[in-house]
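Results of the structural survey
Residues per chain are reported as follows:
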Amino acid sequence: MPSAPLRLRTIAAAFAVAALSAAPATLPAQTPQSLPSPEQARQLLRDNPELQEQLRQRIEQSGLTQDQIRARLRAMGYPENELDDYLTGTPGAGAPNGREIDAARALGLMGSAEADTMQTTPQPAAAAPAPRPEDPLVRDSLRADSLGLPWTRPLELFGLSVFRDQGTQFQAVQTGPVDENYRLGPGDRLSVILTGDVQRAYSLEVNRDGFVVIPEAGQLYVANLTMAQLDELLYSRLSRVYSGVRRGAGATTHFQATVTRLRNIQIFVAGDVARPGAYQISAAGTVLTALYAAGGPTANGNFRRVEVRRGAALVDTVDLYGYLLNGINRSDVRLQSGDVVFVPVHGGRVKVTGEVVRPAIYELTTGETLRDVVRDAGGFTADALRQRIQIHRILPPEARQAGRARVVVEVGPDQLATGIVPGVPLLAGDSVTVFSVAERVRNFVTVKGDVWVEGPVGWTEGMHLSDALRLAGGTKPDVYLGQILVSRLRSDSTRVQLRSAFADSTGRVTNDLALEEEDEIVVFSKTTFRPERYVAVTGAVRRPGRIRYREGMTVRDAILLAQGLSEDAYLKEAEIARVPEDRSQGALATTIHVPLDSTYLFARGPAGEYAGPPGIPAPASGAPEIALQPYDNLLILRQPDWELPRIVKITGQVKYPGPYTLRTKTERLNDIIQRAGGLTKEAYPNGIEFFRRQDSAGRVGLDLPRVLRDPRYRDNLILAAGDSVNIPEFNPVVMVGGAVNSPGAVAYQPGKSIDWYVRAAGGYAKNGDKLRAFVTQPNGRKQSVNRKFLLPDDNPYPLPGAVVDVPIRDPAQGGTSVLAVLGTAAQLLASLVTVIVVARQ
């Protein structure tokens with residue numbers, strides 16, 4: 001959807017195109033100077049779909065192609081794509097005000113009568129919402145639903161959504177032909193064509209006084225005439241001028257009169273409709289045309305009695321159910337200018353739920369019964385229980401007693417025996433429930449287990465066990481012959497167990513039981529009783545785990561099923577742990593060692609050469625095939641000291657940074673620095689950043705200057721795979737962060753403690769924890785403050801590149817009380833004086 005300014009400019013441009021594309025005989029010439037500016041266009045076409053529709057019709061009737069319209073827009077100074085949304089039929093904005101209609105009249109897009117009508121049209125209101133749960137009838141629906149019925153959501157009011165569809169365009173045609181009952185009026189355009197001896201064609205418009213003028217025939221008054229009456233009038237007048245115009249077979253001149261353009265009439269829609277007001281519709285419009293234009297009745301509106309008033313008289317009433325249910329409405333009347341379509345408040349309503357085609361809330365008319373309502377709901381569904389209908393009723397006030405305002409009325413099998421819904425009278429507020437047939441399924445037996453098609457099987461009188469097994473496809477080859485279980489349902493809903501067996505593997509039974517309805521047959525498989533046997537493969541294989549055991553399985557088979565050996569496999573021997581034959585002494589397993597050879601290496605090149613890493617010791621061939629037993633645990637040993645190369649990375653201020661492969665398992669930090677060419681002159685050894693990936697150790701603090709001086713120092717760590725070393729440049733600042741007043745960088749000052757740097761950063765914040773302040777030195781080591789009572793504090797001294805961090809004090813711990821400190825000091829002094837006095841004595 002375009003933005004508001006763009007849309008308004010589009011409207012202005014559309015008016016311009018419509019004006020310039022109209023016939024010169026009917027519209028004055030327009031110039032770019034007389035076109036509406038974008039500012040003036042903001043006053044056009046606000047909130048009126050009718051005016052937009054007229055605009056689109058004028059563009060369509062102009063005969064211009066889309067390219068021609070875009071070319072004219074460019075010539076007028078508008079963007080060429082301004083009208084694209086309207087050329088493709090996209091809905092626009094809305095209703096005009098007085099200034100907008102004046103502008104449209106000035107551009108020639110509407111006549112004076114149309115403009116006068118639109119000036120009286122009110123702003124459209126929002127469509128009325130559908131019935132809500134708090135509405136009385138819907139609330140009664142929810143109450144009935146709470147009785148345990150199979151539906152759970154409120155029903156919709158039947159017919160309400162039909163008029164709410166935003167895509168509905170129910171406008172009568174603006175062009176002919178029309179039926180014989182159509183009455184002519186000012187604004188209609190007629191076409192009269194003469195053929196035969198005289199060839200003439202006349203386009204005649206009915207003027208405001210109701211006359212048309214036919215050359216040579218004169219002026220004819222046609223207002224309020226039907227098409228049949230118009231034909232009589234034309235026979236009378238044209239026969240005076242053209243001798244060949246006569247009735248019967250002897251006529252030599254014939255004429256035909258049709259309506260080529262219909263006039264617009266103004267009607268009013270009032271009452272309980274979504275958008276009451278005045279509307280312009282075609283003279284061929286009906287009550288349905290007016291209702292669609294006004295958004296239809298609201299949830300409070302009457303669908304069974306829509307009134308058409310002409311002056312003070314009630315002309316007719318329309319029952320919308322004929323249109324909604326059957327698509328016809330013989331009572332629909334042709335509207336005239338000034339007619340009022342009035343929708344009164346609804347009458348009595350009933351709710352129809354359950355097994356009907358259209359569950360909904362329906363409106364009653366006088367004398368309607370249960371049969372009528374079920375018919376309106378589309379009749380019963382296939383699942384409906386045709387022997388019972390239940391009505392929840394609110395008694396009328398005169399029939400109520402204390403505590404007896406709601407009752408249940410049952411329509412039973414006797415009343416429904418003929419298959420026709422009885423004509424039970426209904427009251428407003430009734431809730432009709434059509435129940436479903438019982439869920440229980442009958443006439444079947446169930447076959448489960450080792451048959452080809454498990455599930456229910458249709459039961460017939462005299463069926464036997466063998467019949468049910470045959471219908472289930474017969475038994476599978478591994479069927480257990482010893483027993484078949486048949487469970488039978490008794491009348492008290494308990495079950496009794498019956499048994500049979502198979503005589504042989506063909507499925508023939510020894511005791512062919514006579515089956516009863518809802519018997520359950522269970523056929524067993526030998527596989528069901530077998531334990532799941534397996535072997536376990538562990539160690540240097542690609543996919544260790546359990547493998548289903550097969551008779552005759554060998555070590556080679558198990559390794560293949562484990563996706564082969566890994567690169568570190570030891571191919572001289574493997575170990576098999578086997579379940580012992582004698583467990584009397586508490587033995588869990590016995591182990592045996594079996595030989596392997598290079599034929600167990602399955603990854604080979606085109607010439608048969610091994611494609612894995614070098615150095616795997618293995619005999620060329622000759623190892624025997626070893627059979628496995630159920631529950632064996634095959635362990636493929638790993639080569640001692642076998643390991644893939646380890647990679648460490650050194651970056652920063654070394655001569656040759658990059659990843660390096662360790663040559664031995666004992667290579668140390670100093671060794672890798674020397675392999676990288678040593679440090680550059682810009683290197684800052686105190687700022688070393690050493691990270692270890694193993695066990696998520698993270699950064700490790702090291703004293704690199706001392707390591708460089710003494711390789712035997714403890715910080716000269718043995719390197720591990722994934723270690724990362726970075727030697728930065730000298731950093732002459734100390735970063736101060738955390739709970740300080742002005743966190744940031746402070747220039748390094750030799751010999752200054754942590755407190756000095758905190759003061760340089762504005763001092764400790766109110767919530768700063770002085771006792772837990774610490775320094776992260778540039779080499780990663782952390783040093784904390786050690787506060788001492790009555791003695792100097794142990795304060796760390798940050799080095800260049802260090803980070804000072806002051807944590808936020810935990811509010812639960814509270815601060816140190818000055819009085820408490822003084823009290824403690826006084827106690828210590830008193831104790832000291834006592835000791836001195838005692839010592840002197």
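The present account deals with the structure reproduced in this document. Quantities reported herein were computed from a predicted structural model and do not represent experimental measurements.

1. Considering the sheet that holds strand β7 (residues 277-282)
- Spatial ordering of the open sheet is given by β7-β6-β10-β8-β9, a layout of five strands whose pairing is mixed. The outermost strands of the open sheet, each flanked by one partner alone, are β7 and β9 (313-318). With direction set aside, neighbouring strand axes in the sheet form an average angle of 30 degrees.
- Where strand β6 (residues 264-271) meets strand β10 (residues 340-343), four bridges bridge the pair, whose relative direction is parallel.

2. Topic: the packing of aromatic side chains
- The full count for this structure, using the stated rule, is eleven aromatic pairs.
- Here Phe 211 and Tyr 221 contribute two aromatic rings whose centre-to-centre distance is 5.0 Å and whose plane-to-plane angle is 65 degrees, an arrangement assigned as edge-to-face. Placement of the pair is Phe 211 in strand β3 (residues 211-214) and Tyr 221 in strand β4 (residues 218-221), with a sequence separation of ten residues.
- A relative accessible area of 25% means that Phe 211 is categorised as partly exposed.
- Overall, Tyr 221 belongs to the partly exposed group, its relative accessible area being 46%.
- Ring centres of Tyr 534 and Tyr 631 lie 5.3 Å apart, and the angle between their planes is 85 degrees; on these two criteria the pair is classed as edge-to-face. Here Tyr 534, found in strand β21 (residues 534-539), pairs with Tyr 631, found in the loop between β24 (590-595) and β25 (633-638); they are 97 residues apart in sequence, far enough to count as distant.
- The partly exposed category is assigned to Tyr 534, whose relative accessible area is 22%.
- Grouped by ring-pair contacts, the aromatic residues Phe 158, Tyr 321 and Tyr 362 constitute a single cluster.
- In this structure, Arg 247 is placed above the aromatic ring of Tyr 235, and the distance from its NZ or CZ to the ring centre is 4.2 Å.
- Here Arg 388 stacks its cationic end above the ring of Phe 435, 4.3 Å away from the centre of that ring.

3. Notes on unusual backbone geometry
- A positive phi angle, close to 70 degrees, is found at Asn 224, a residue other than glycine.
- Checked against the element boundaries, Asn 224 lands in the loop between β4 and α9 (227-241).
- Residue class for Asn 224 comes out partly exposed when judged on its relative accessible area of 47%.
- One non-glycine residue with positive phi stands out, namely Tyr 631, at about 70 degrees.
- Classification of Tyr 631 by relative accessible area gives partly exposed; the value is 34%.

4. Looking at the nonpolar core
- One finds Leu 234, Val 287, Leu 291, Leu 320, Leu 335, Leu 370 and Ile 389 to be the most contacted residues of the largest nonpolar core, which totals 78 residues.
- Here this core gets six residues from one element, more than from any other, and that element is helix α10 (residues 287-293).
- Ignoring anything within four residues of it in the chain, the contact list for Leu 335 reads Ile 265, Ile 267, Ile 281, Ala 283, Gly 285, Thr 286, Val 287, Ala 290, Val 308, Arg 310 and Val 341.
- Judged by nonpolar contacts, the second largest core, of 24 residues, contains Val 535, Ile 547, Leu 565 and Val 594.

What counts and how
- Counting from 1, residues in each chain are numbered in the order their sequence is written.
- Local features in this predicted model are restricted to residues whose pLDDT is 70 or higher, and side-chain atom pairs enter the listing and the counts only when it is 80 or higher, whereas totals over whole chains, interfaces and linings include all residues.
- Side-chain figures throughout are based on the complete set of non-hydrogen atoms in the structure, without hydrogens or water.
- Strands qualify as paired when DSSP identifies two bridges or more between them.
- Helix and strand assignments come from DSSP, with helices taken as H or I runs of at least 4 residues and strands as E runs of at least 2, each series counted from the N terminus.
- Helix axes use the C-alpha atoms of the stretch in contact, all axes being lines fitted to C-alpha atoms, and the angles between their N-to-C directions lie in the range 0 to 180 degrees.
- Pairing of aromatic rings covers Phe, Tyr and Trp, the last through its six-membered ring, and needs centres within 6.5 Å; plane angles under 30 degrees mean stacked, over 60 mean edge-to-face, and all others mean tilted.
- Per-residue accessibility, obtained with a 1.4 Å probe over protein chains only, is compared with the maximum for each type, and a residue is labelled buried under 20%, exposed over 50%, and partly exposed between these values.
- Put simply, a charge is over a ring when the Lys NZ or the Arg CZ is close to the ring centre, within 6 Å, and near the line of the ring normal, within 35 degrees.
- We call a set of buried residues a nonpolar core when its members are Ala, Val, Leu, Ile, Met, Phe, Trp, Tyr or Cys and they connect through side-chain atoms within 4.5 Å of each other.
- Contacts are assigned to residue pairs with any non-hydrogen atoms lying within 4.5 Å of each other.

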